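Structural overview for review
Each chain, letter by letter, is given below.
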Amino acid sequence: MRIGELAGVVGVTTRAVRHYHHLGLLPEPERRANGYREYTLRHAVVLARIRRLTELGLGLAEVRDVLADDAGKDLVEVLTELDEDLARQEEAIRERRGRLRALLEAEGGLPAEGPVSPGLAALFAGTAHLTDSPMAVKDREIIAFLETTMPDEARERMVASIGEALGSPAGVERAGVAYALLDALADAAPDDPRVEEAARALASCIPPGLFPEVGDLDHDDNVLRAFYDDLAPAQAEAIRRTLRILAEERR
């Protein structure tokens, strides 16, 4: 058989056959006097086995182990390991689908900042009217970012604290007032007298559990520095003063 005939019989491409030769999975056939390779039934048997093993999910390195005369693992051991790996993948897929289902079925739909946790999605849905404020939009983006990067315990504490702050009409109203004051600082100077008013309004919205070690947050770490850089100078100064106010209150 020629290479095209071999590939056609087994149901693979000639490129795959050449690749298996290159990797040493399929022995090179002898060449006839005219220079063409002459494949035998044995080549077809080995090639068909390679195809069956790869269709089961084995990688080519694992296929080599199975085919090699001195393989360290027999076929049963390799397939058992593959079955266990597939079971782990199935479990991971079920968990991911469960999270996706919770997001898709969340009350209020998927927020623009999503995907976020169902709890945070519900909070965002309840305060969607605040997104007319540019500062509120930035705040939501930062909260979604923090939820992604925080450890589980800290993330749950943050979402619970935000729920505490925005869990009542009065809390939502306070947040709206603070955002409006911050928006008004977009073109102001850092020493504008409204900066202090905005800082105190924002501090009144933040419950103690949101930043339990708020004193450490006023240091110019990379994340906070990037957040300040994304704000107008007066807005950044208002956030700095807010953190200082909270630190003083919690001493």
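Our subject is the structure listed above.
We now turn to the structure provided with this report.

Calculation notes
- Residues numbered from 1 in each chain as written.
- Predicted model: local features only at pLDDT ≥ 70, side-chain atom pairs only at ≥ 80, totals over all residues.
- Heavy atoms only, no water.
- Helix = DSSP H or I, 4+ residues; strand = E, 2+ residues; numbered from the N terminus.
- Buried < 20%, exposed > 50% of the residue type's maximum accessible area, 1.4 Å probe, protein only.
- Contact = heavy atoms within 4.5 Å.
- Areas by Shrake-Rupley, 256 points an atom, 1.4 Å probe, with all protein chains shown as cover.
- Axes fitted to C-alpha atoms, helices over the stretch in contact; angles between N-to-C directions.
- Parallel < 35°, antiparallel > 145°, perpendicular 65-115°, else oblique.
- Left-handed = near helix turned anticlockwise from the far one by under 90°.
- Nonpolar A, V, L, I, M, F, W, Y, C, P; charged D, E, K, R; others polar.
- Phe/Tyr/Trp six-rings, centres within 6.5 Å; stacked < 30°, edge-to-face > 60°.
- Lys NZ or Arg CZ within 6 Å of the ring centre and 35° of its normal.
- Polar contact = N/O pair within 3.5 Å; in protein donor to acceptor, adjacent residues only side chain to side chain.
- Core = buried A, V, L, I, M, F, W, Y, C linked by side-chain atoms within 4.5 Å.
- Salt bridge = Lys/Arg side-chain N within 4 Å of Asp/Glu carboxyl O.
- Expected span 1.5 Å × (residues − 1).

Of the regular secondary structure elements, the protein holds 12 helices and 0 strands. Mapped in sequence order, the helices and strands of the protein form the string α-α-α-α-α-α-α-α-α-α-α-α. When each of the 251 residues of the protein is scored for burial, the buried share is 33%. At a minimum sequence separation of 6, the contacts of the protein that also span at least 24 residues come to 56%. Per element, the accessible surface of the protein, about 15,300 Å² overall, is 53% carbon and sulfur.

In this section: the packing of helix α6 (residues 118-126) against helix α8 (residues 152-166). For the pair α6 and α8, interaxial distance at closest approach is 10 Å and the crossing angle is 25°. Between α6 and α8, the angle falls in the class roughly parallel. In this structure, α6 crosses over α8, and the sense of that crossing is left-handed. Here Gly119, Leu120 and Leu123 of α6 lie close against α8, whose contacting residues are Val159, Ile162 and Gly163. Of the residues assigned to the contact of α6 with α8, the class counts are 4 nonpolar, 2 polar and no charged.

Across all of its chains, the model carries 0 aromatic pairs by this definition. In this structure, Arg140 packs its charged tip against the face of Phe124, placed 4.2 Å from the ring centre. One residue, Arg240, lies across the ring of Tyr228, its end atom 4.1 Å from the ring centre.

By secondary structure assignment, the location of Glu91 is in helix α5 (residues 75-104). Among the polar contacts listed, one links the side chain of Glu91 to the side chain of Arg94, at a separation of 2.8 Å.

Turning our attention to the side chain of Thr127. By secondary structure assignment, the location of Thr127 is in the loop between α6 and α7 (134-149). Look at Thr127 and you get buried, because its relative accessible area is 6%. Apart from residues lying up to four places away in sequence, Thr127 is in contact with Arg140, Leu166 and Val172.

This part covers the nonpolar core. In terms of nonpolar packing, the biggest core is built from 28 residues, with Met135, Leu182, Leu185 and Ile239 touching the most fellow members. At the level of secondary structure, the elements contributing two or more residues to this core comprise α7, α9 (169-183), α10 (194-203), α11 (222-229) and α12 (233-249). Among the elements that take part in this core, α12 stands out by supplying 7 residues, more than any other. Filtering out sequence-adjacent residues up to four positions away, Ile239 remains in contact with Met135, Leu202, Phe227, Tyr228 and Leu231. Among the nonpolar cores identified, the runner-up in size contains 19 residues, and Leu6, Leu53, Val63 and Val66 belong to it.

So, about the pattern of salt bridges. Under the defined criterion, the tally for this structure stands at 10 salt bridges. A salt bridge links Glu196 to Arg200; the shortest N-O distance between them is 2.9 Å. Here Glu196 and its partner Arg200 are both found in helix α10, 4 residues apart, which amounts to about one turn of the helix. On the basis of relative accessibility, which here comes to 27%, the residue Glu196 falls in the partly exposed class.

On to α12, then. In this model α12 runs 24 Å from its N-terminal to its C-terminal C-alpha over 17 residues, within 8% of the 24 Å that 1.5 Å per residue would give. Taken residue by residue, α12 has Ala234, Gln235, Ala236, Glu237, Ala238, Ile239, Thr242, Leu243, Ile245, Leu246 and Ala247 as its buried positions.

This part is about the packing of α7 against α8. Geometrically, a packed helix pair is captured by the angle between its two axes and the distance between the axes. α8 packs onto α7 with a crossing angle of 150° between their chain directions and a minimal axis gap of 9 Å. When the interaxial angle is binned, α7 and α8 end up roughly antiparallel. Counting all contacts with α7, which are made through Ile143, Leu146 and Glu147, the residues of α8 involved are Arg155, Met158, Val159 and Ile162. When the residues that make up the contact of α7 with α8 are grouped by side-chain class, the tally is 5 nonpolar, no polar and 2 charged.

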